[in-house]
Amino acid sequence: MIRTGRTFLEETKFAHLTPSDQVLGRPQPPLERPHAGPVTPLPPPEDADLRPVSLVEAIARRRSVRTYAPEPLPLATLSYLLWCSQGVTSVFRDTWTFRTVPSAGARHALETYLLVNQVEGLAPGLYHYAAVSHGLSAVEAPENVVDAVEEALIGQPMVGNAAVVFLWAADIYRMTWRYGERGYRYIFIDAGHACQNLYLGAEAVGCGVCAMAAFDDDALDALLGLDGERSFAIYAAAVGVERVIPI
């Protein structure tokens, strides 16, 4: 019997950890991955058309939504959802960031990539979110990028129907620099924080979200230009304008 998951849990227990690179005095990695091209600023998140929804109401209404209205997402709405899920609220001495989601030791080792299908003011394609400056940088992608991402995500139809698909990747050394091998546990927890904030934030802008954890790791890493070791895909979520069903 293969017990890979059990081995992972056992080998990342505190009893097996060696001193981390932080403890050994090695310099910490940058706060975010470099971007392939120029970063275009996004509109302020507060420009989004927000409807009054209490936190209790957002929690109670949260559901996974797999079908969407065939209309583009306003750019300000995308800006707001990026801020909800990975927005930087302050930077401390270029050493760490505080964000809208919690992260072990404020390491924030997630990188957000986007497959844009229908967003006002953005050409369809792949983008990388510059969290510190709150902007987007285009990522080189094949012409059939939607089909390629859908195939990598095991053919889930939400990929092609969504206005945008969030694709979260781990920049793992940002986490293991402090926590060693146990940091692999924490990055999965952090991804859950980010996606839950996306779900809750979407309730205020009339959007539906569907999280996706089934994907071909190697195929998705290749599309995003990740090496699969130091950086690798970890989670995804489709987002679109909610359909209004006549009563």
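Residues numbered from 1 in each chain as written. Predicted model: local features only at pLDDT ≥ 70, side-chain atom pairs only at ≥ 80, totals over all residues. Heavy atoms only, no water.

### Some points on the sheet that holds strand β5 (residues 125–130)
Taken together, the seven strands give an open sheet; going across it, the order is β1-β6-β5-β4-β7-β9-β8, and neighbouring strands pair in antiparallel fashion. With one partner strand each, in any of the chains shown, β1 (40–41) and β8 (207–212) form the two edges of the open sheet. In the sheet, strand β7 (residues 164–171) pairs with strand β9 (residues 231–241) via eight bridges, with the strands oriented antiparallel. The residue bridging W168 from the neighbouring strand is Y235, located in β9. Its contacts with the sheet put helix α3 (residues 75–86) on β4 (110–116), β5, β6 (135–139), β7, β8 and β9, and the angle it makes with β7 is roughly 30°. (Pairing = 2+ DSSP bridges. Helix = DSSP H or I, 4+ residues; strand = E, 2+ residues; numbered from the N terminus. Contact = heavy atoms within 4.5 Å. Axes fitted to C-alpha atoms, helices over the stretch in contact; angles between N-to-C directions.)

### Thoughts on the pairing of β9
Summarising burial for β9: ten of the eleven residues are buried, a large majority. Across six bridges, β8 lies against β9 in antiparallel orientation. Directly across from M212, in β9, lies its bridge partner A236. (Buried < 20%, exposed > 50% of the residue type's maximum accessible area, 1.4 Å probe, protein only.)

### Observations concerning the pattern of salt bridges
Side chains carrying opposite charge are able to pair once their charged atoms draw close together. With the rule as written, the count across this model stands at eight salt bridges. Across the pair E57 and R61 runs a salt bridge whose closest N-O atoms are separated by 3.0 Å. Placement of the pair is E57 and R61 together in helix α2 (residues 55–61), with a separation of four residues, close to one helical turn. Using a relative accessible area of 34% as the deciding quantity, one classes R61 as partly exposed. A salt bridge links D171 to R174, with the shortest nitrogen-to-oxygen separation between them at 2.9 Å. R174 shares its class with D171; the two are buried. Counted as one network, the salt bridges with shared partners bring together E57, R61 and E203. (Salt bridge = Lys/Arg side-chain N within 4 Å of Asp/Glu carboxyl O.)

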